[in-house]
There are 4 protein chains.
Amino acid sequence: MAGSSIGKYFVVTNFGESHGPAIGCVIDGCPPGLALSTVDIQHDLDRRRPGQSKFVTQRNEADAVKILSGVYEGVTTGTPVALLIENTDQRSRDYSDVVRQFRPSHADWSYWQKFGVRDPRGGGRSSARLTAPTVAAGAVARKWLKEALGVTIRARVEAIGTLELPFEDWEEVDKNPFFAANASAIEKASAYLMELRKAGNSIGARVQFEAVGVPAGLGDPVYNRLDAALAYALMGLNAVKAVEIGSGVEASRMNGVAANDQMSAKGFLSNNAGGILGGISSGAPVTGRVSIKPTPSIVTPLKSLDIDGNEIEVVTRGRHDPCVGIRAVPVVEALVALVLMDAALSQRAQCGNLGVPAQALFS
Amino acid sequence: MAGSSIGKYFVVTNFGESHGPAIGCVIDGCPPGLALSTVDIQHDLDRRRPGQSKFVTQRNEADAVKILSGVYEGVTTGTPVALLIENTDQRSRDYSDVVRQFRPSHADWSYWQKFGVRDPRGGGRSSARLTAPTVAAGAVARKWLKEALGVTIRARVEAIGTLELPFEDWEEVDKNPFFAANASAIEKASAYLMELRKAGNSIGARVQFEAVGVPAGLGDPVYNRLDAALAYALMGLNAVKAVEIGSGVEASRMNGVAANDQMSAKGFLSNNAGGILGGISSGAPVTGRVSIKPTPSIVTPLKSLDIDGNEIEVVTRGRHDPCVGIRAVPVVEALVALVLMDAALSQRAQCGNLGVPAQALFS
Amino acid sequence: MAGSSIGKYFVVTNFGESHGPAIGCVIDGCPPGLALSTVDIQHDLDRRRPGQSKFVTQRNEADAVKILSGVYEGVTTGTPVALLIENTDQRSRDYSDVVRQFRPSHADWSYWQKFGVRDPRGGGRSSARLTAPTVAAGAVARKWLKEALGVTIRARVEAIGTLELPFEDWEEVDKNPFFAANASAIEKASAYLMELRKAGNSIGARVQFEAVGVPAGLGDPVYNRLDAALAYALMGLNAVKAVEIGSGVEASRMNGVAANDQMSAKGFLSNNAGGILGGISSGAPVTGRVSIKPTPSIVTPLKSLDIDGNEIEVVTRGRHDPCVGIRAVPVVEALVALVLMDAALSQRAQCGNLGVPAQALFS
Amino acid sequence: MAGSSIGKYFVVTNFGESHGPAIGCVIDGCPPGLALSTVDIQHDLDRRRPGQSKFVTQRNEADAVKILSGVYEGVTTGTPVALLIENTDQRSRDYSDVVRQFRPSHADWSYWQKFGVRDPRGGGRSSARLTAPTVAAGAVARKWLKEALGVTIRARVEAIGTLELPFEDWEEVDKNPFFAANASAIEKASAYLMELRKAGNSIGARVQFEAVGVPAGLGDPVYNRLDAALAYALMGLNAVKAVEIGSGVEASRMNGVAANDQMSAKGFLSNNAGGILGGISSGAPVTGRVSIKPTPSIVTPLKSLDIDGNEIEVVTRGRHDPCVGIRAVPVVEALVALVLMDAALSQRAQCGNLGVPAQALFS
């Protein structure tokens with residue numbers, strides 16, 4: 001397989017560039033009989049959509065999804081589901097300069113070295129815009145996981161730079177522009193971000209996720225473990241620099257007595273494992289977090305090179321998220337959904353069931 | 001593909017259980033013409049081998065590798081290279097009790113839920129012993145990467161629990177039982193580990209890695225990014241709970257001005273990216289770290305369940321590493337080698353070259 | 001991987017249904033730097049297009065292809081090439097009856113048993129219309145094979161039912177509605193087909209293909225042999241019931257002295273092998289043929305069942321090719337191109353070259 | 001995936017060379033809970049074993065299989081099943097001459113062009129000996145298909161060269177050295193083969209197969225059709241030059257009225273489709289045949305080249321089957337089993353069942 005697909009059973013192949021005519025994906029292996037309409041997908045796309053607050057890029061895209069195949073009379077047929085999102089707000093401009101410069105910490109440089117040719121319009125394929133098809137595909141997986149298995153997946157921003165946004169209530173996440181499960185810190189976060197923006201700077205973030213109701217038994221013993229598949233999916237998201245499962249980095253500092261998750265007839269007494277033991281889901285919530293670097297696109301001048309190797313200074317203007325980590329929340333949820341979906345179908349292939357339902361594991 | 005293979009071009013399929021007759025792997029897609037003998041592989045296996053210090057399991061395995069195929073007159077022929085390691089120190093015992101109990105934070109529970117049948121001998125397939133074939137395959141990749149591309153891969157323990165082992169010198173790594181690039185902290189580390197062991201406890205660790213000389217251009221834009229592939233491989237290693245690339249978790253706390261890696265005609269002025277931009281290698285060293293949880297096998301009694309759902313107390317005796325993170329070092333190196341090898345062959349398939357040599361990128 | 005992709009290096013994922021809004025494909029792994037426009041693709045699509053003679057379906061589709069991604073300023077960028085063909089001549093009608101009946105020897109029955117849901121409009125995904133994206137993708141492969149390796153791929157109808165159309169001249173193929181390399185038998189073929197059509201009947205056909213200039217060295221020793229990959233691709237084409245390589249079925253009747261292809265300094269003295277030895281291309285032309293069953297859609301009433309299991313009589317009206325084998329010619333060429341392309345990139349991945357050029361093998 | 005694996009769900013990776021220390025395979029994705037011992041596998045291996053009659057090679061191999069992993073207390077655990085067969089009758093000799101000559105119609109030439117290095121001992125990896133691991137893996141698939149689905153798979157030689165061996169009784173197949181379902185033609189066949197052998201010649205053959213009880217619903221609509229997967233597997237077998245499904249080549253000569261398989265409440269009234277409609281099993285028996293070329297190894301001198309390009313004459317001595325098609329019978333059965341197994345697990349992954357049982361389709 002070439003590199004633009006994720007999953008082996010529920011396979012999503014992503015295509016498109018930021019300023020081409022359209023972006024989209026093909027989902028192959030979708031179970032037949034799932035009720036599906038654009039409404040189911042559009043909800044998640046709208047959460048990721050740009051232009052919704054002053055803290056994200058002002059590019060204005062409707063991100064209206066079309067279902068081109070695989071659905072008949074509102075139900076999936078088991079054939080590939082092709083999803084299309086047209087690019088409508090591509091600003092026409094002259095890219096002859098841009099294509100000759102490498103913006104620091106962008107993919108410009110590495111794409112050029114790899115391919116020897118580069119689509120410079122809006123970052124081409126390296127744009128975070130390409131997460132939209134991922135979100136669309138994730139919405140399909142999520143609906144199936146909810147309906148077939150009762151799985152709930154959610155994520156939240158738990159820190160913006162050095163500003164922690166402690167967990168208060170999942171209900172808050174969709175009520176503020178930061179996807180924070182927290183009402184009390186919103187004002188502080190707004191001020192923090194406005195200041196960075198004014199300074200022509202950007203900032204990193206941390207996103208936490210959990211999937212509740214995941215059946216026990218998903219994942220494989222060696223190599224294709226469930227945590228490996230999650231790490232693959234999440235580290236593959238633009239700007240992510242770390243993936244943690246369960247207690248994550250902190251596990252390296254713990255001793256065995258503290259780290260071990262003991263069990264009672266009511267379930268696990270802790271969840272340092274993040275719901276995964278030996279690479280296979282245990283029935284406890286699957287949890288983790290990702291660390292996201294600051295948007296590299298800033299108006300502060302930085303040292304770089306042009307394609308002839310000359311040293312230059314680059315200022316990156318345009319419509320950029322000051323904290324790209326914020327809009328990562330719906331993408332993280334989608335990626336977790338894609339991984340769990342794939343693992344569920346894999347489990348069904350080999351073992352003939354979808355894993356032991358989480359609610360059935362304990363009295 | 002089922003779950004026991006890693007890579008798409010240089011495909012390693014792992015098999016075996018801790019106490020079966022043998023473990024091993026098949027490497028498919030190995031370039032022909034590589035000089036290869038068991039000596040090349042044994043060196044890396046010996047570094048991972050148990051029983052070499054009092055800080056690791058006392059199981060005594062020669063881990064002698066046999067090449068069953070794919071090599072003729074000392075040179076790879078391009079056909080599958082099958083590697084076999086016999087299990088010689090399987091202690092015969094009665095497993096009828098063990099199979100009825102779930103050791104806390106072990107894979108016992110999740111394997112049982114997944115498969116409904118379980119090989120309890122020494123943890124079966126969930127044993128860290130199954131990293132030996134990974135190391136063997138990694139040695140082949142490493143040799144090719146060194147000879148064809150000049151890549152050097154190394155790793156070290158940078159912390160054991162809360163004890164940091166600051167970098168001093170790569171030369172030290174193979175001179176102490178902790179794989180620490182540090183001579184001055186060894187005594188302290190020994191004392192720290194001995195105390196934990198006496199207390200019937202275990203401890204986590206952090207391993208740092210780097211690959212120098214990696215050509216620019218390895219990896220894919222969306223999904224199968226080089227960092228994603230590294231995260232997959234490394235998170236798939238037993239007991240790993242976090243994978244970081246470049247500045248990792250710290251990137252979430254940084255601002256754009258600080259995090260961006262500026263460039264000059266001599267190269268990158270920093271390497272927060274860990275040598276990967278937009279999922280594709282930049283020519284800078286590929287760097288990262290993994291966080292490893294403490295060995296769950298400890299003699300301290302812990303609450304658990306038996307297969308009938310009864311609450312029990314479990315004490316895990318046997319020959320276990322008190323800090324499983326230590327012996328992870330050669331495995332981390334092997335996994336990094338496998339990922340880079342696969343990405344190099346992928347690059348050659350699509351773009352017709354192996355990427356731009358790191359040394360050619362800058363004046 | 002789910003089932004709608006072909007190739008591992010040059011991966012084509014096909015989507016769509018006969019009467020949905022659009023059909024198309026995504027090509028992943030395309031080499032960068034290939035000059036590509038819709039013109040290059042449209043030529044092959046037009047050869048497959050319906051409605052061009054009275055011997056093929058009268059459905060009228062422009063089959064205008066759009067390139068949605070992967071091409072910038074007329075050159076492939078190495079990112080996925082998404083190709084879209086809108087369905088414009090979907091006749092609106094009531095399918096409530098159709099969906100309750102199984103047309104004999106159609107996919108209706110097996111799709112229903114597999115998925116439990118079925119898109120009955122024009123055969124849904126089982127329509128031969130879905131070969132259009134294959135032809136489009138094949139055009140890209142073909143262009144690259146021609147430019148990078150000098151490979152020429154062609155096919156022809158060598159028999160319609162019991163009427164043989166002996167080879168005369170490749171130049172004739174595009175000059176008659178039967179894709180026959182033969183001018184003298186066209187009149188007879190026209191009469192033969194007109195008679196069948198009047199009788200409400202249809203007929204099978206045989207298509208021969210050859211690829212000239214294929215470098216030696218493409219294919220793998222065991223399982224993924226070049227002949228295996230060709231058989232997979234060609235048997236996967238609608239209505240194909242047999243695939244032969246080289247002397248094919250006749251080889252089973254030959255003795256070794258006659259069948260062996262002897263060699264001289266000028267090349268092979270015969271080509272019973274069809275250019276493939278031990279699963280790997282030899283440098284001789286890659287040749288073979290496919291046998292295609294008659295179109296099952298005929299107006300003669302036939303016994304069948306409805307979805308309640310009742311015995312019924314079915315007459316299949318609609319716009320159908322009386323000899324579906326005719327329009328298979330450009331599809332066979334496309335499939336051969338896709339297989340050779342994939343094998344070439346595979347060879348480049350493992351061995352670092354594209355195989356030994358056919359013209360360099362002999363003096 | 002590299003080229004030495006077959007299947008995506010039940011993945012068999014084959015390794016080894018004719019005269020290396022051992023050959024074997026790893027089965028990944030095997031369902032847990034299947035009772036399995038070497039006895040189950042040895043039966044099929046023994047049918048393929050050389051040296052059992054004067055009509056096959058006199059190489060004397062016990063072909064004793066070892067199970068290295070994946071089975072605990074006689075039951076599969078769901079982890080990889082590694083199977084090993086040691087090579088015991090490798091005749092030691094000097095290969096320095098052999099490696100410099102290309103035997104006509106052998107893989108010597110193409111391997112050399114591909115890899116630039118070649119294991120000449122007994123044909124290396126191109127030897128038909130490498131079908132033994134396929135047979136071993138097929139035995140596991142076959143057992144599961146029988147026990148879980150009630151599928152029966154069988155094959156027979158239906159022609160040796162121009163000598164037809166008409167079907168009489170499946171019970172005869174294992175009672176004669178030709179795997180013919182026919183008692184009356186055995187004498188004639190013996191004489192026919194003895195004469196060819198005396199003349200230093202060899203002969204082709206045709207093998208017919210059928211799988212009864214295959215559930216409806218296996219296979220995918222586009223590309224990965226069940227017939228495509230069968231063609232891939234069977235054309236990938238050494239010396240096979242044609243694969244036919246159902247009426248095969250004959251379908252190209254039929255008209256629609258004759259070719260269509262009508263249906264009644266009792267089932268299909270004919271089976272020209274060979275049990276596959278639109279790429280998906282229909283519940284009727286899956287049938288087909290393969291055509292196998294004569295063994296290229298004959299003592300008659302033939303024109304060829306050496307590695308310096310000099311014209312030479314080659315006589316191939318050694319222990320060769322005069323009709324390699326005979327021993328293909330158990331391999332064809334094994335390959336059909338592997339394909340059906342893979343399709344069954346795929347069906348279970350996507351649709352949640354194993355297909356509709358053949359016996360339940362009709363009243």
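The rules we used
- Residues numbered from 1 in each chain as written.
- Chains lettered and ligands numbered in written order.
- Predicted model: local features only at pLDDT ≥ 70, side-chain atom pairs only at ≥ 80, totals over all residues.
- Heavy atoms only, no water.
- Helix = DSSP H or I, 4+ residues; strand = E, 2+ residues; numbered from the N terminus.
- Rg over C-alpha atoms; globule rule 2.2 N^0.38 Å.
- Buried < 20%, exposed > 50% of the residue type's maximum accessible area, 1.4 Å probe, protein only.
- Areas by Shrake-Rupley, 256 points an atom, 1.4 Å probe, with all protein chains shown as cover.
- Expected span 1.5 Å × (residues − 1).
- Contact = heavy atoms within 4.5 Å.
- Buried area = accessible area lost by both parts, 1.4 Å probe.
- Salt bridge = Lys/Arg side-chain N within 4 Å of Asp/Glu carboxyl O.
- Polar contact = N/O pair within 3.5 Å; in protein donor to acceptor, adjacent residues only side chain to side chain.
- Nonpolar A, V, L, I, M, F, W, Y, C, P; charged D, E, K, R; others polar.
- Pairing = 2+ DSSP bridges.
- Least-squares fit on C-alpha atoms with pLDDT ≥ 70 in both.
- Lys, Arg positive; Asp, Glu negative; His and termini not counted.
- Axes fitted to C-alpha atoms, helices over the stretch in contact; angles between N-to-C directions.
- Phe/Tyr/Trp six-rings, centres within 6.5 Å; stacked < 30°, edge-to-face > 60°.
- Parallel < 35°, antiparallel > 145°, perpendicular 65-115°, else oblique.
- Left-handed = near helix turned anticlockwise from the far one by under 90°.
- Disulfide = S-S within 2.5 Å.

Participant: Quick question: what am I supposed to make of the overall build of chain A here?
Facilitator: On a plain count of helices and strands, chain A comes out with 7 helices and 18 strands. In terms of overall size, chain A behaves like a compact globule, its C-alpha atoms giving a radius of gyration of 21 Å where 363 residues would be expected to give roughly 21 Å. With respect to the principal axes defined by its C-alpha atoms, chain A has extents near 65 × 50 × 35 Å. Of all 363 residues assigned to chain A, the portion counted as buried reaches 72%. Accessible surface, chain A as shown: approximately 10900 Å² in total, 50% of it carbon and sulfur.

Participant: Any chance you could explain helix α3 (residues 131–149) of chain A here in plain terms?
Facilitator: Note on helix geometry: an α-helix contains 3.6 residues per turn, so any two residues three or four positions apart are oriented the same way. All names here are of chain A. In this model, α3 (19 residues) spans 25 Å end to end at C-alpha, consistent with the 27 Å of a helix rising 1.5 Å per residue. With 16 of its 19 residues buried, α3 lies for the most part within the structure. At the C-terminal side of α3, G150 shows a positive phi close to 75°.

Participant: Please explain the interface of chain B and chain A as it appears in this structure.
Facilitator: It is common to give the size of an interface as the accessible area that goes away when the parts come together. Each partner contributes to the interface: chain B provides 103 residues, whereas chain A provides 103 residues. Buried area between chain B and chain A, both sides added, is near 8200 Å², and the carbon and sulfur share of it is 60%. Of all residues in chain B, the largest losses of buried area upon contact with chain A belong to K114, Y223 and K241 of chain B, amounting jointly to 11% of the total for that side. Here chain B and chain A share 0 salt bridges between them. Linking chain B to chain A there are 48 residue pairs in polar contact (both at pLDDT 80 or more). Here the residues of the side of chain B that touches chain A are counted per class, giving 52 nonpolar, 37 polar and 14 charged. Across 3 bridges, strand β11 (residues 240–245) of chain A lies against strand β11 (residues 240–245) of chain B in antiparallel orientation. Counterpart to A242 of chain A in the pairing with β11 of chain B is E244 of chain B.

Participant: Looking at this model, I keep getting lost on the relation of the copies chain C and chain B. Mind explaining?
Facilitator: Mapping one chain copy onto the other needs a rotation about an axis and a shift along that axis. The two copies are related by a screw motion: chain C maps onto chain B through a turn of 180° and a shift of 0.0 Å along the axis, at an RMSD of 0.0 Å. What the superposition gives is, in effect, a two-fold axis relating one chain to the other. Taking C-alpha positions as the reference, the residue of chain C nearest the rotation axis is A349 of chain C, at 2.1 Å. In this assembly the copies share their binding face: 100% of the residues contributing to the interface of chain C also contribute to that of chain B.

Participant: Would you take a moment to explain the environment of A128 of chain A for this structure?
Facilitator: All names here are of chain A. On the secondary structure map, A128 appears in the loop between α2 (108–115) and α3. Owing to a relative accessible area of 26%, A128 belongs among the partly exposed residues under this scheme. With 193 residues separating them in the primary sequence, A128 and D321 have C-alpha atoms 9.9 Å apart. Look past the residues within four positions of A128 in its chain and what remains in contact with it is R48 and N238.

Participant: Can you help me understand the interface of chain C and chain B in this one?
Facilitator: The interface is formed by 15 residues belonging to chain C together with 15 residues belonging to chain B. Carbon and sulfur atoms make up 53% of the area that chain C and chain B hide from each other, which totals about 1100 Å². Three residues stand out in chain C for area buried against chain B, namely R348, A349 and Q350 of chain C, and they jointly supply 50% of the buried area on that side. Taken together, the connections running from chain C to chain B amount to 0 salt bridges. Applying the counting rule to chain C against chain B returns 9 residue pairs in polar contact (both at pLDDT 80 or more). Split into classes, the residues belonging to the side of chain C that touches chain B amount to 9 nonpolar, 5 polar and 1 charged.

Participant: Which parts of the structure should I look at to understand the side chain of E244 of chain A?
Facilitator: Among the secondary structure elements, E244 of chain A is positioned in strand β11. It turns out E244 of chain A is buried and unbridged, and the closest side chain with the opposite charge, R289 of chain A, is 4.0 Å from it. A polar side-chain atom of E244 of chain A sits 2.9 Å from the main-chain amide nitrogen of V249 of chain A. Discounting residues that sit within four places of it in the chain, E244 of chain A has contacts with F209, V249, T287, G288 and R289 of chain A together with K241, A242 and V249 of chain B.

Participant: Explanation requested: the environment of L34 of chain B in the structure shown.
Facilitator: Residues and elements named next belong to chain B. Relative to the helices and strands, L34 is located in the loop between β3 (22–28) and α1 (38–48). Overall, the relative accessible area of 3% leaves L34 in the buried class. Those residues in contact with L34 that sit more than four places away from it in its chain are G74, V75, T76, V140, K143, W144 and E147.

Participant: Help me understand the relation of the copies chain B and chain A in this model?
Facilitator: With an RMSD of 0.0 Å, chain B superimposes on chain A once it is rotated by 180° and translated 0.0 Å along the axis. A high fraction, 100%, of the interface residues of chain B reappear at the interface in chain A, so the copies pair face to face through one surface.

Participant: Any chance you could explain the sheet that holds strand β8 (residues 152–160) of chain A here in plain terms?
Facilitator: Strands in a sheet are paired, the pairing made by backbone hydrogen bonds, and the direction either parallel or antiparallel. The sheet built from 10 strands is open, its strands ordered β9(A)-β8(A)-β10(A)-β16(A)-β11(A)-β11(B)-β16(B)-β10(B)-β8(B)-β9(B) with antiparallel pairing. Only two strands of the sheet have a single partner each, and these edge strands are β9 (163–164) of chain A together with β9 (163–164) of chain B. Across 5 bridges, β11 of chain B lies against strand β16 (residues 286–292) of chain B in antiparallel orientation. The residue of β16 of chain B that forms the bridge with A242 of chain B is S291 of chain B. In the packing of helix α5 (residues 226–235) of chain B onto the sheet, contacts are made with β11 of chain A together with β10 (205–212), β11 and β16 of chain B, and the angle to β11 of chain B comes to roughly 155°.

Participant: Any chance you could explain helix α7 (residues 328–351) of chain B here in plain terms?
Facilitator: Here α7 of chain B is 24 residues long and its end C-alpha atoms lie 34 Å apart, about the 34 Å a rise of 1.5 Å per residue gives. Looking one or two places after α7 of chain B, you find G352 of chain B, whose phi comes out positive at around 80°.

Participant: Any chance you could explain unusual backbone geometry here in plain terms?
Facilitator: When glycine is set aside, most residues are seen to have a negative phi, and most peptide bonds are trans. Even without glycine at this site, A239 of chain C takes up a positive phi of about 75°. Topologically, A239 of chain C is positioned in the loop between α5 (226–235) and β11 (240–245). Not every positive phi belongs to a glycine, and S105 of chain D is a case in point at roughly 60°. Residue placement: S105 of chain D occurs in the loop between β7 (81–86) and α2 (108–115).

Participant: Is there a simple way to explain the pairing of β16 of chain B in this structure?
Facilitator: Here is the key point about a regular strand: its side chains alternate between the two faces of the sheet. Residues and elements named next belong to chain B. Taken across its 7 residues, β16 has 6 buried, putting it largely inside the fold. Sheet topology note: the β10/β16 ladder contains 7 bridges and is antiparallel. The residue bridging F209 from the neighbouring strand is G288, located in β16.

Participant: Got a minute to help me understand the sheet that holds strand β1 (residues 5–6) of chain B in this structure?
Facilitator: All names here are of chain B. Spatial strand order, β1-β2-β3-β7-β4: 5 strands in an open sheet with antiparallel pairing. This sheet does not close on itself; its edge strands, each paired only once, are β1 and β4 (65–67). Lying on the sheet, helix α3 (residues 131–149) is in contact with β2 (11–15), β3 and β7 (81–86); it crosses β3 at an angle near 35°.

Participant: What's the story with the pattern of salt bridges in this structure? I'm lost.
Facilitator: Pairs can form between side chains of opposite charge whenever their charged atoms are close. Going through the model one piece at a time under the given rule, you end up with 86 salt bridges over all chains. Salt-bridge contacts for R253 of chain A lead to E250 of chain A; the nearest nitrogen and oxygen are separated by 3.2 Å. In this structure R253 of chain A comes out as partly exposed when scored by relative accessible area, which is 33%. Here R327 of chain B ties to D321 of chain B by a salt bridge, and the two come within 2.9 Å at their closest N and O atoms.

Participant: It is not clear to me how the packing of aromatic side chains should be interpreted in this structure. Could you clarify?
Facilitator: Aromatic rings considered in pairs are described by the distance between their centres and by the relative angle of their planes. Counted under the stated rule, the structure contains 28 aromatic pairs over all chains. Seen from their ring centres, F102 of chain C and W109 of chain C are 5.2 Å apart, and the 85° between their planes marks the pair as edge-to-face. Side by side, F102 of chain C and W109 of chain C carry an identical accessibility label, which is buried. Linked through ring pairs, F102 and W109 of chain A together with F268 and F362 of chain B together constitute an aromatic cluster.

Participant: Whenever I open this one, the packing of helix α7 (residues 328–351) of chain A against helix α7 (residues 328–351) of chain D confuses me. Can you help?
Facilitator: When two helices pack together, their arrangement is given by the angle between the helix axes and by the axis-to-axis distance. Close contact between α7 of chain A and α7 of chain D brings their axes to 7 Å; oriented N to C, the two are set at 140°. Comparing the axis directions of α7 of chain A and α7 of chain D gives the class oblique. The crossing of α7 of chain A and α7 of chain D is right-handed. Where α7 of chain A abuts α7 of chain D, its residues L345, R348, A349, Q350 and C351 of chain A lie against L345, R348, A349, Q350 and C351 of chain D. In terms of residue class, the contact of α7 of chain A with α7 of chain D is made up of 6 nonpolar, 2 polar and 2 charged.

Participant: Explain the pairing of strand β7 (residues 81–86) of chain A here, please?
Facilitator: All names here are of chain A. The element β7 is extensively covered by neighbouring structure, given that 5 of its 6 residues are classed as buried. Taken together, the 6 bridges between strand β3 (residues 22–28) and β7 define a ladder with antiparallel strand orientation. Each bridged residue has a counterpart across the sheet, and for A22 the counterpart in β7 is E86. Direction of pairing for strand β4 (residues 65–67) relative to β7: antiparallel, over a ladder of 3 bridges. Paired with I67 across the strands is L83, a residue of β7.

Participant: Would you mind going over the state of the cysteines with me for this structure?
Facilitator: Covalently bonding the sulfur atom of one cysteine to the sulfur atom of another cysteine gives a disulfide. Counted under the stated rule, the structure contains 0 disulfides over all chains. For the unlinked cysteine C25 of chain B, the closest cysteine sulfur is that of C30 of chain B, found at 11 Å. With no disulfide of its own, C351 of chain B has C30 of chain C as its nearest cysteine by sulfur position, at a separation of 10 Å. Look at C351 of chain B and you get buried, because its relative accessible area is 17%.

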